[in-house]
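Reading the structure
Next come the chains, spelled out residue by residue.
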Amino acid sequence: MARKRTLQDLLRRDGASAPPDGSGGPRRPHAGSPAPTAAADDAALATIQRGQPYRLSLADETDLPLPPAVRALRPELSDIARFYLRARQRSGHALLEAARWLSEARVAARHGEWDDFLAATHTSPDTAERLLRIYTLALQSPAFAQAIVTGRLNQSVAERLARPSTPADIVETLLATEQPISVAHVERAIRRARQEPTTTTPARPRAHDPGGEMPQIAAFGVHDPGGEIPQIAAFGAHDPGPRFWASRLQEIADVLRSLARHPEQVPNDAAVRDALDAMALAVQTIQEARGWR
Amino acid sequence: MLTGVQSQIAMTVLAIAMQKGGVGKTTTTLALGAELAQLGQRVLVIDMDPQSNLTMALGVDPSTLDRSIYEVLLNPTHGAELAIRSTDYRVDVLPATLMLAGAELMLAGQFGRELRLRTALQETRRTYNYILIDCPPSLGVFTVNALTAADSVVAPLQAHVFALKAMPYLEETIQIVRQLNPALHLSGIVVTMVDRRTTVNAAVEDEIRRRYQRLVFQTVIPFNVKLVESPAAGQPIGVYAADSSGARAYRALAQEVVARYGA
């Protein structure tokens, strides 16, 4: 006959222990039970994994889905890409985690201790300030945090975006793009935002004014003492293509030369700047395609 | 077994937590918070449960609120002050509404989702002597937020055999959350719902004290029907039934808490 269980039996810690709220918590072996076998371990593991255990958001999370373009690579390259992306993800997580702990130190430090903390950890005040801003923005903007984790933002870009002087709408706009973001992208977006006219009268471009430079036009003017614009001249020198296309490109070169000579006649608005950007990008693309850069 | 008893701390954040429902978490948060306030302490109680039981027990109607813990968790860098409300019982409350139920999904997968309450309380905690966080019974993002924000955990433990078996799960959870909050530890156990007429309650209490020793408060909370009625009335037990055994017990517990954690 089985021994009647007493209250003390029930109170023993190593007695049968079902999770009180059915959360699928860990099971402990019964006292005196046989040594666990592989099959028993598998069964126990299946039990533990039943349901969705809570996972902390720590730096060792590596569960980003692979983009289709990565899966489309040759298998060897796809495998390497997986490791590369996960390493990049870990570095993104690590950046955010470092920023978080720095924030903790900032809060916990008493008078005079913050400088001691920075000195002890070989962290410059500037670096600390930048990391603190990154942490704050990461908490405010899930898209910003995610962009760091996925590697779209490196630390330099993250720092630039997190500056108080960077308008929030610019941060949102840049984060909404799918492409990697560079410091140049951020700087350009900020310059545009600052140069947006506040009245309907187009502002006069100041090609050589550092505060209001239109680099797209200024660049074409710098190298034009009356001769050819190098970026366009390259087509005439190297392109063996049909004369038709060479003539069209030369027409563009003539227009740009004229603009560079008379920048005051060029409206300084977003449409013009976008057009000039597109032209400069097209030139760059052609040059790269033809091996001229 | 995790141990740790702190004393002489001016600002203390306590998570009232146990991964089992019905053990007295909300009752303890409410009653203890009100009694600490009666002792002259500046107290904030935080409702982390979408069921809003603590909020309603303080006489606050969640349906009338335009700001709650939900907005605080979504905007932690703005601080908790944006949603804190005073009550008629000298204790402030950071209330919860049903909106909180949607926050878990919104926070899923986000960086720092467990750090939001801690971030929001960084400045707020300087305003209070005690912050008591009423945790939901399940282990989810709200409980982890509470544990990450807290200095330590106070566990209400029903004087029942199966309630005692929940303690290892709480200890395990504390160990996990220490990856985010290294200072977190179990600092107190309150034995609740004790009916001294029964042998089993006495035996369980003895076992609790044997295992957890100095962690266990000397005060036990008796099973008292007034403790069940007072939340429904929207009043702390010290107001609803000041002479009841439950009220006397929580007054004594408040004294012990002040002695243990300082003021």
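Before reading further, recall that the structure is shown in the block above.
Report on the accompanying structure.

Calculation rules
- Residues numbered from 1 in each chain as written.
- Chains lettered and ligands numbered in written order.
- Predicted model: local features only at pLDDT ≥ 70, side-chain atom pairs only at ≥ 80, totals over all residues.
- Heavy atoms only, no water.
- Helix = DSSP H or I, 4+ residues; strand = E, 2+ residues; numbered from the N terminus.
- Buried < 20%, exposed > 50% of the residue type's maximum accessible area, 1.4 Å probe, protein only.
- Contact = heavy atoms within 4.5 Å.
- Areas by Shrake-Rupley, 256 points an atom, 1.4 Å probe, with all protein chains shown as cover.
- Salt bridge = Lys/Arg side-chain N within 4 Å of Asp/Glu carboxyl O.

Things to note about the overall build of chain A
- Along chain A, the regular secondary structure elements total 14 helices and zero strands.
- Start at the N end of chain A and walk to the C end: the helices and strands fall as α-α-α-α-α-α-α-α-α-α-α-α-α-α.
- Here chain A, with 293 residues, has 29% of them falling under the buried criterion.
- The contacts in chain A between residues at least 6 apart in sequence include a share of 60% that link residues at least 24 apart.
- Looking at chain A as shown, the accessible area adds up to about 18,600 Å², and 56% of this sits on carbon and sulfur atoms.

Examining the pattern of salt bridges
- By the definition in use, this model includes 14 salt bridges over all chains.
- A salt bridge links E104 of chain A to R118 of chain B, with the nearest nitrogen and oxygen atoms 2.7 Å apart. Taken together, the positions of E104 of chain A in helix α4 (residues 75-108) and R118 of chain B in helix α5 (residues 116-124) put the pair across two chains.
- With a closest N to O distance of 2.9 Å, R211 of chain B and E207 of chain B form a salt bridge. Here R211 of chain B pairs with E207 of chain B, and both are found in helix α9 (residues 199-212), just four residues apart, close to one helical turn. Neither R211 of chain B nor E207 of chain B differs from the other in exposure class; each is buried.

What about unusual backbone geometry?
All names here are of chain B.
- Despite not being glycine, S52 shows a phi value in the positive range, around 60°.
- Note that S52 resides in the loop between β2 (43-47) and α2 (53-57).
- The phi torsion at M193 lies on the positive side, around 55°, for a residue other than glycine.
- Judged by relative accessible area, M193 falls into the partly exposed class, the value being 29%.

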